[in-house]
Amino acid sequence: MRDVTTAHPVQDLDVQPTPLALLLLGREADPRSERGVECPGDLPAPSDPDLVERARAAKEKLGDKVFVLGHHYQRDEVIQFADVTGDSFKLARDAAARPEAEYIVFCGVHFMAESADILTTDDQQVVLPDLAAGCSMADMATAEQVAECWDVLTEAGIADQVVPVSYMNSSADIKAFTGRHGGTICTSSNAERALEWAFEQREPGAAKVLFLPDQHLGRNTAVRDMGMSLDDCVVYNPHKPNGGLTAEELRNAKMILWRGHCSVHGRFSLDSVDDVRARIPGVNVLVHPECRHEVVAAADYVGSTEYIIKALEAAPAGSKWAIGTELNLVRRLANRFAPEGKEIVFLDKTVCFCSTMNRIDLPHLVWALESLADGKPVNRIQVDPETEKYAKLALERMLALP
């Protein structure tokens, strides 16, 4: 990993790096990977004690030219250098609100950096410190698979009744598909409003939604928040002919859910909820809506990462909480609120991080910042103009939601 922690670009080497080497160094992406969960216990400390000072020095040298975004699920060693923290869409908006910044360094995963590139100006450069920091959920829906799904809906005679709604946690290609077909993007905070909007776009009683790519957020929003039944939902499996569904099943459904999920949130189970209630009397169970439906149904509170943070901020001293979301955030909140006497634990006994988020470590951040300080941008994320046009249209529809 020596080259990762220096400012010397790969091109300076005498040998041509192999694709595997570039992937390991974080300078190539692997869209076929699904390495969403890692359970290593505590994360190792940075190997180089000088890395913190090097990151600080490079950031100071860049000054206002650089704006560093840190997702809530990032490691503490990285988040300390973020100018702002938040969920994926909040950070993309924050980037768009800083047109004076020449460089946007996005400490998150690939789809987030794509969204930042779509929403920022052409003069700004978005950098992802490790190109292999993907998202297993986003990888579960490819442009080819979704195009085939639309063909299936067309053959079933219902495509004109369907409005696509895509979760923010999707690739630029999927966002562009959504924009081309009259749909909108949603976050875990506004999914209910986005679905209400989608159903308003078609004849009452005939409208259907194709929800991409997280089946759990779609199901939980439709059933828990909007009063639909589980029978109103079907799951389209892109790995089966016709999605594993009959034309009749598609015609009878209100929600056509893509068979995707978050590898971290999908780990939480009803047993996790039962176990923590038995271990900690009086505990409040608070989970993200990407969790399975039975987990959400058994929880006391459900909401996005921003909702989780605000709920704990407002919680009374001495209260007890079990949180069902990524561990880096849970630990950060536990440490933050410990002085107030709030007991905050991870919902599952197994310690699990989002391994793709954790690819953005301090060595990669130092390499990206020092390269920028030397005038040699690395790992720039660029969405092609055609994809950007329609993806931005879908994002703008979301922004226009009341």
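Before reading further, recall that the structure is shown in the block above.
A brief report on the enclosed structure follows. (Residues numbered from 1 in each chain as written. Predicted model: local features only at pLDDT ≥ 70, side-chain atom pairs only at ≥ 80, totals over all residues. Heavy atoms only, no water.)

1. Remarks on the pattern of salt bridges
For side chains bearing opposite charge, pairing can occur when the charged atoms are close. Stated formally: The working definition used for a salt bridge is a side-chain nitrogen of Lys or Arg within 4 Å of a carboxyl oxygen of Asp or Glu. Only DSSP runs of H or I with at least four residues qualify as helices, and only runs of E with at least two residues qualify as strands; both kinds are numbered from the N terminus onward.
Evaluated as defined, the whole model comprises 17 salt bridges. We note a salt bridge from Asp275 to Lys349, for which the minimum N-O separation is 3.6 Å. Here Asp275 is found in helix 11 (residues 270–279), whereas its partner Lys349 is found in the loop between strand 14 (343–346) and strand 15 (353–354), with 74 residues between them in sequence. Taken together, the salt bridges that share partners define one network made up of Arg193, Glu196 and Glu200.

2. Description of the side chain of Glu370
Quick note on the threshold: Between N or O atoms, a polar contact is any pair within 3.5 Å; within protein, one atom must be a potential hydrogen donor and the other a potential acceptor, and residues adjacent in sequence are included only when both atoms are from side chains.
Counting through the fold element by element, Glu370 comes out in helix 15 (residues 362–373). A polar contact of 2.8 Å, which involves the side chain of Glu370, links it to the side chain of Arg54.

3. Concerning the packing of aromatic side chains
Note the cut-off: A pair of Phe, Tyr and Trp rings is counted when the ring centres sit within 6.5 Å of each other, with Trp represented by its six-membered ring. The angle between the planes then sorts it: under 30 degrees is stacked, over 60 is edge-to-face, the rest tilted. Buried means the residue's accessible area, taken with a 1.4 Å probe over protein chains only, is under 20% of the maximum for its type, while exposed means over 50%, and partly exposed covers the values in between.
Under the criterion given, the structure shown has four aromatic pairs. Between Tyr236 and Trp258 the ring centres are 5.3 Å apart and the planes differ by 25°, which places this aromatic pair in the stacked class. You can see Tyr236 sitting in strand 9 (residues 233–236) and its partner Trp258 sitting in strand 10 (residues 255–258), a full 22 residues away along the chain. Assessed through its relative accessible area of 1%, Tyr236 is described here as buried. Ring geometry for Phe268 versus Phe346: centroids 5.5 Å apart, planes at 65°, classification edge-to-face. A residue pair is termed long-range when its members are at least 10 positions apart, and Phe268 in the loop between strand 10 and helix 11 and Phe346 in strand 14 qualify at 78 residues.

4. What about the packing of helix 2 (residues 51–62) against helix 15?
Applicable threshold: For helices, the fitted axis covers only the stretch in contact; all axes are lines through C-alpha atoms, and the angles between them, taken along N-to-C directions, range from 0 to 180 degrees. Note that the term roughly parallel is reserved for angles under 35 degrees, roughly antiparallel for angles over 145, roughly perpendicular for angles of 65 to 115, and oblique for everything else. Two helices that cross are described as forming a left-handed crossing if the nearer one is turned anticlockwise from the farther one by less than a right angle, and a right-handed crossing if clockwise. Any two residues whose heavy atoms approach within 4.5 Å are treated as being in contact. Any residue that is not Ala, Val, Leu, Ile, Met, Phe, Trp, Tyr, Cys, Pro, Asp, Glu, Lys or Arg is counted as polar, Gly included; the first ten are nonpolar and the last four charged.
The contact between helix 2 and helix 15 brings their axes to 9 Å, and the two run at 30°. It follows that helix 2 is roughly parallel to helix 15 by the angle criterion. Note that helix 2 runs across helix 15; the crossing there is left-handed. When helix 2 is examined against helix 15, the residues Leu51, Val52, Arg54, Ala55, Ala58, Lys61 and Leu62 are found in contact with a partner set consisting of Leu362, Pro363, Val366, Leu369, Glu370, Leu372 and Ala373. When grouped by side-chain class, the residues that make up the contact of helix 2 with helix 15 number 11 nonpolar, no polar and three charged.

5. Regarding the sheet that holds strand 5 (residues 125–127)
As a reminder of what qualifies: Two strands qualify as a pair provided DSSP detects at least 2 bridges between them.
On the basis of which strands lie adjacent, the open sheet formed by five strands has the order 3-2-4-5-16 and mixed pairing. Of all strands in the sheet, those with a lone pairing partner are strand 3 (84–86) and strand 16 (380–381), marking the two edges. Sheet topology places strand 5 next to strand 16; two bridges connect them, and they run antiparallel. Note that in strand 16 the partner of Val126 across the bridge is Ile381. Running at roughly 170° to strand 2 (residues 66–71), helix 4 (residues 88–96) makes contact with strand 2, strand 3 and strand 4 (103–107) of the sheet.

6. Observations concerning the packing of helix 7 (residues 172–180) against helix 16 (residues 385–399)
With their axes 7 Å apart at the nearest point, helix 7 and helix 16 run at an angle of 65° to one another. With respect to helix 16, the element helix 7 is oriented roughly perpendicular. The crossing of helix 7 and helix 16 is left-handed. Listed contacts from helix 16 to Ala172, Asp173, Lys175, Ala176, Thr178, Gly179 and Arg180 of helix 7 are Glu386, Thr387, Tyr390, Ala391, Leu393, Ala394, Leu395 and Arg397.

7. Let's talk about helix 15
Quick note on the threshold: Given the number of residues in a helix, its expected span is that number minus one, multiplied by 1.5 Å.
Its 12 residues give helix 15 an end-to-end C-alpha distance of 16 Å, which sits within 8% of 16 Å, the value for a rise of 1.5 Å per residue. A large share of helix 15 lies buried, amounting to 12 of its 12 residues. At the exit of helix 15 stands Gly375, carrying a positive phi of roughly 75°.

8. Comments concerning unusual backbone geometry
Here the residue pair Leu212 and Pro213 is connected by a cis peptide bond, since its omega of -20° sits within 30 degrees of zero. Looking at the secondary structure, you find Pro213 in the loop between strand 8 (208–212) and helix 9 (215–225). With phi around 55°, Asn242 is a residue other than glycine that occupies positive phi space. Within the fold, Asn242 resides in the loop between strand 9 and helix 10 (247–252). Residue classification places Asn242 among the partly exposed positions, given a relative accessible area of 39%. Notably, Asn379 is not glycine yet its phi reads approximately 50°, a positive angle. Take Asn379: its relative accessible area is 10%, and that puts it in the buried class.

9. Focus: the pairing of strand 14
Only one face of strand 14 is buried, namely the one carrying Ile344 and Phe346, since none of Glu343 and Val345 on the opposite face is buried. In the sheet, strand 13 (residues 320–324) pairs with strand 14 via four bridges, with the strands oriented parallel. Paired with Ala322 across the bridge in strand 14 is Val345.

10. A short note on the pairing of strand 4
The buried fraction of strand 4 is high, at five of five residues. Taking every second residue as pointing to the same face, both faces of strand 4 are buried, with Tyr103, Val105 and Cys107 on one and Ile104 and Phe106 on the other. Where strand 2 meets strand 4, five bridges bridge the pair, whose relative direction is parallel. Bridge pairing links Leu69 to Phe106 in strand 4. As judged from the three bridges shared by strand 4 and strand 5, these two strands associate in the parallel manner. What sits directly across from Val105, in strand 5, is Val127.

11. Regarding empty space enclosed by the protein
Let me state the cut-off plainly: The way it works is a 1 Å grid over only the protein atoms, where trapped points that fit a 1.4 Å probe form a cavity and open points with protein on both sides within 12 Å along at least five of seven lines form a pocket, and then any residue with an atom within 4 Å of a point lines it. Grid points are joined across faces, edges and corners, and a volume is the space filled by probe spheres set on the points.
In the structure shown here, the tally under the stated rule is one cavity of 30 Å³ or more. The space that makes up the largest cavity amounts to roughly 310 Å³. Looking at the largest cavity, it is lined by 28 residues, and the ones nearest its centre are His71, Tyr73, Met112, Asn169 and Glu290. Contributing elements (two or more residues each) for the lining of the largest cavity: helix 4 and helix 5 (110–119). Within the lining of the largest cavity, the residues separate by chemical class into 13 nonpolar, 12 polar and three charged.

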